[in-house]
Each structure stands twice: as C-alpha cells, then as structure tokens.
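Tertiary structure, described
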Amino acid sequence: MYVVTLTYHQPIDVVESLADNHKDWLKKYYAQGAFIASGRKVPRTGGIILVKSIAREELDRILAEDPFNAVAKYDVIEFIPSMAIESVAALTTL
C-alpha cells in the first residue's frame, strides 16, 4: 500500500483551475480499484491519496497522468498495514 502526498508549489487559484480534471483522474483510478481514499491536507497545502499495493512502476505511470503534476510535488511512501480498526481491516490484506 502507498501513501502519496501532494504539496502544491503554485498558488491555489492555479490549483483550482485544474481541479475538475484532477477529480476526473481520481475517479478513473477509483473505478479501476487502485485508489482507496483521497482528500485535501489541512491547511490546504496539498493532498493525500491512499493507493492499494500495485507495482511501483504502475503507480509512477498513474501519477504521471495527474493534471496536478503542473502544480504539485509528489512524495510516495510504501507501507504494509499490519493493524487496522474493524471497519477497514481489509486494508491489511491489500
């Protein structure tokens, strides 16, 4: 599993101009089953995407398609969940 953090390096109005296309990109990979959860950081300096365990090369290809590449830096952390609350326990088997 991966935690992908995005950190904006452009003003929020530039980020907003790409938001609809970014949301379409997110929906595509939710539909394909790659993304688990996503959302904004607080304060709004970027975002977070939880990604199921896939090949790192595949993740890099997916991230390269994101319209936010023009406005954000990506950091990827891979981890193996070993414990979770009951409602998300399936994450420990992804």
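Residues numbered from 1 in each chain as written. Predicted model: local features only at pLDDT ≥ 70, side-chain atom pairs only at ≥ 80, totals over all residues. Heavy atoms only, no water.

**Some details on the pairing of strand S2 (residues 35-40)**
Across 5 bridges, S2 lies against strand S3 (residues 46-51) in antiparallel orientation. Residue Arg40 lies in a different strand from S3, and its bridge partner there is Gly47. (Pairing = 2+ DSSP bridges. Helix = DSSP H or I, 4+ residues; strand = E, 2+ residues; numbered from the N terminus.)

**Some thoughts on helix H3 (residues 56-64)**
Buried residues of H3: Leu59, Ile62 and Leu63, and no others. Take H3 and look down its axis: the buried residues cluster within an arc of 95°, on one side only. Exposed side chains of H3 directed beyond 90 degrees from the buried face belong to Glu57 and Ala64. Looking at the buried residues of H3, the elements they touch are strand S1 (2-8), helix H2 (19-31), S2, S3 and strand S4 (72-78). (Buried < 20%, exposed > 50% of the residue type's maximum accessible area, 1.4 Å probe, protein only. Arc of directions from axis to C-beta. Contact = heavy atoms within 4.5 Å.)

**Here's the deal with the sheet that holds S1**
Strand order in the open sheet made by the 4 strands is S2-S3-S1-S4, with antiparallel pairing throughout. If you trace the sheet from one side to the other, it starts and ends with S2 and S4, each paired once. Across the sheet, the mean angle from the axis of one strand to that of its neighbour is 15°, orientation sign disregarded. As paired strands, S1 and S3 are joined by 6 bridges and run antiparallel to one another. (Axes fitted to C-alpha atoms, helices over the stretch in contact; angles between N-to-C directions.)

**A few points about unusual backbone geometry**
Cis geometry is found at the peptide bond from Val42 to Pro43, where omega equals 0°. With respect to the secondary-structure elements, Pro43 resides in the loop between S2 and S3.

**A word on the nonpolar core**
Membership of the largest hydrophobic core comes to 19 residues, with the highest contact counts inside it found for Val4, Leu6, Trp25, Phe35, Ile49, Val51 and Phe68. If you list the elements that add at least two residues to this core, you get S1, H2, S3, H3 and S4. Among the elements that line this core, the one with the most residues is S1, at 4 residues. (Core = buried A, V, L, I, M, F, W, Y, C linked by side-chain atoms within 4.5 Å.)

**Quick word on the pattern of salt bridges**
Taken as a whole, this structure holds 7 salt bridges when the rule is applied. Residues Arg44 and Glu16 are paired through a salt bridge, measuring 2.4 Å at the closest nitrogen-oxygen approach. You can see Arg44 sitting in the loop between S2 and S3 and its partner Glu16 sitting in helix H1 (residues 12-17), a full 28 residues away along the chain. Glu16 sits in the partly exposed class, given a relative accessible area of 37%. A salt bridge links Asp60 to Arg56, with the shortest nitrogen-to-oxygen separation between them at 2.8 Å. Of this pair, Asp60 and Arg56 both sit in helix H3, 4 residues apart, which is roughly one turn of that helix. (Salt bridge = Lys/Arg side-chain N within 4 Å of Asp/Glu carboxyl O.)

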